[in-house]
Amino acid sequence: MELDKTSASQPAENPKRTPPSLKVENNNNCLNIEIDGDFDRISNEVTSKSVALGLIGQIVSLGSWGKRLDEKAANFAIGFLDAMKPEDAAEALLFTQMAATHQAMMMMAQKLNHITSIQQQDAAERAMNKLARTYAAQMETIKRYRSKGQQTVRVERVTVESGGQAVVGNVSHERGGGGAMKGDASPMHLAPRCTAKSKRSGLPCKSPAVRGWEVCRMHGAKGGHKSGHGHPQYRHGGRSHDIEATRKLITALARDARNHLGDMDH
Ligand SMILES: [Zn+2]
């Protein structure tokens, strides 16, 4: 029988589990931290015990002011960390930071209720905005971090001939984070360019050309009337581009012929 990995690594939630909690005391300038409940999710071989202990220390000082300690704030952070089930030390740190971000934001929200000046209001609002954006960014980071092992398998075309085998594997890997870099050839950069030259600088225009044209909008694309019968000034066609070109050719040939005749006179 195959071992079901998901059920093996994630045992069913124990309903009798006591969530972790902290009791903090300031005893003659000596910080006493009493820990209670199940700390296994926060402190285990994956997240590293020493990291967890350090985090607990930092969490306790979170929200504390001088000798005053904020046990509620510490337990809020511990509870959040526990609920998020960090899978390694980096996740444990990020979740702690998220709890801190959230608490700072709530502190600002509370401040907004007791504001006496416009400047204070502006400052609190700005801080709240920043913290809200930070939280969203942290959320995004953890989402990306947790999906680090997953690769996108895109199958463009699979042809299987008789007797052959089709292998569908990691055809393409998802690009790691971030958008396209500057200088990357994006489809937009590969669009045909305007062939016109700038009258002012003499350099090629380089703007994207209008579809079906060799020039951009500014250099005449889509402008003007259709040539030939479609042109509103069309009368008899005797002055059309083709006829004019032919006429010029005939004139040039005639001039040539005259010059040759003149040469022959001597
Ligand atoms: Zn142009």
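As the structure is a computational prediction, the values presented were derived from the model and not from experiment.

### Re the overall build of the chain
Part 1: The helix and strand tally for the chain stands at six helices and two strands.
Part 2: Going from the N terminus to the C terminus, the chain shows its helices and strands as α-β-β-α-α-α-α-α.
Part 3: Counting all 266 residues of the chain, 11% fall into the buried class.

### A short note on the pairing of strand E2 (residues 30-36)
Part 1: By the criterion of burial, E2 is predominantly exposed, with just zero of the seven residues buried.
Part 2: With seven bridges joining them, strand E1 (residues 21-27) and E2 adopt antiparallel strand pairing. In the sheet register, Glu25 faces E2, and the bridge partner there is Asn32.

### Quick look at the nonpolar core
Part 1: Counting 18 residues, the largest nonpolar core has Ile59, Val60, Ala74, Ala77, Ile78, Leu81 and Ala99 as the members making the most contacts within it.
Part 2: Where this core is concerned, the elements lending two or more residues are helix H2 (49-61), helix H3 (71-83) and helix H4 (89-112).
Part 3: Excluding residues within four positions of it along the chain, Ala77 makes contact with Ile59, Leu62, Thr96, Ala99 and Ala100.

### A word on the packing of H4 against helix H5 (residues 118-146)
Part 1: Viewed as axis vectors pointing N to C, H4 and H5 meet at an angle of 160 degrees, and their least axial separation amounts to 9 Å. As summarised for this structure, H4 and H5 are arranged roughly antiparallel, according to the angle between their axes. In the packing of H4 onto H5, the handedness of the crossing is left-handed. Here Glu91, Leu94, Gln97, Met98, Thr101, His102, Ala104, Met105, Met108, Ala109, Lys111 and Leu112 of H4 lie close against H5, whose contacting residues are Gln121, Ala124, Ala127, Met128, Leu131, Ala132, Thr134, Tyr135, Gln138, Thr141, Ile142 and Tyr145.
Part 2: Among the residues making up the contact of H4 with H5, the classes are represented as 15 nonpolar, seven polar and two charged.

### Examining the packing of H3 against H4
Part 1: One can describe the packing of H3 onto H4 by two numbers: an axis separation of 9 Å at closest approach and a directional angle of 135 degrees. The angle between H3 and H4 places the two elements in the oblique class. Crossing geometry of H3 relative to H4 is assigned as right-handed. Across the interface between the two elements, Ala73, Phe76, Ala77, Phe80 and Leu81 of H3 pack against Ala92, Phe95, Thr96, Ala99, Ala100 and Gln103 of H4.
Part 2: Here the residues of the contact of H3 with H4 sort into nine nonpolar, two polar and no charged.

### Regarding unusual backbone geometry
Part 1: Its identity is not glycine, yet Lys85 carries a phi of approximately 45 degrees, on the positive side.
Part 2: Its identity as a non-glycine residue notwithstanding, Lys206 has a phi of 70 degrees, on the positive side.
Part 3: Of the residues examined, Lys206 has 12 C-beta atoms within 10 Å and is grouped as exposed.

### Description of H4
Part 1: For H4, which comprises 24 residues, the first-to-last C-alpha distance of 35 Å matches the rise-based estimate of 34 Å (1.5 Å per residue) to within 8%.
Part 2: Taken residue by residue, H4 has Ala92, Phe95, Thr96, Met98, Ala99, Ala100 and Thr101 as its buried positions.
Part 3: Elements that come into contact with the buried residues of H4 comprise H2, H3 and H5.

### Quick notes on the environment of Glu45
Part 1: Mapping Glu45 onto the fold places it in the loop between E2 and H2.
Part 2: What makes Glu45 exposed here is the crowd of 6 C-beta atoms within 10 Å.
Part 3: Put simply, Glu45 and Asp88 are 43 residues apart on the chain and 8.8 Å apart in space, counted from C-alpha to C-alpha.

Thresholds, definitions, all that
- Residues numbered from 1 in each chain as written.
- Predicted model: local features only at pLDDT ≥ 70, side-chain atom pairs only at ≥ 80, totals over all residues.
- Helix = DSSP H or I, 4+ residues; strand = E, 2+ residues; numbered from the N terminus.
- Buried ≥ 20, exposed ≤ 12 C-beta atoms within 10 Å, placed from the backbone.
- Pairing = 2+ DSSP bridges.
- Core = buried A, V, L, I, M, F, W, Y, C linked by C-beta atoms within 7 Å.
- Contact = placed C-beta atoms within 7 Å.
- Axes fitted to C-alpha atoms, helices over the stretch in contact; angles between N-to-C directions.
- Parallel < 35°, antiparallel > 145°, perpendicular 65-115°, else oblique.
- Left-handed = near helix turned anticlockwise from the far one by under 90°.
- Nonpolar A, V, L, I, M, F, W, Y, C, P; charged D, E, K, R; others polar.
- Expected span 1.5 Å × (residues − 1).

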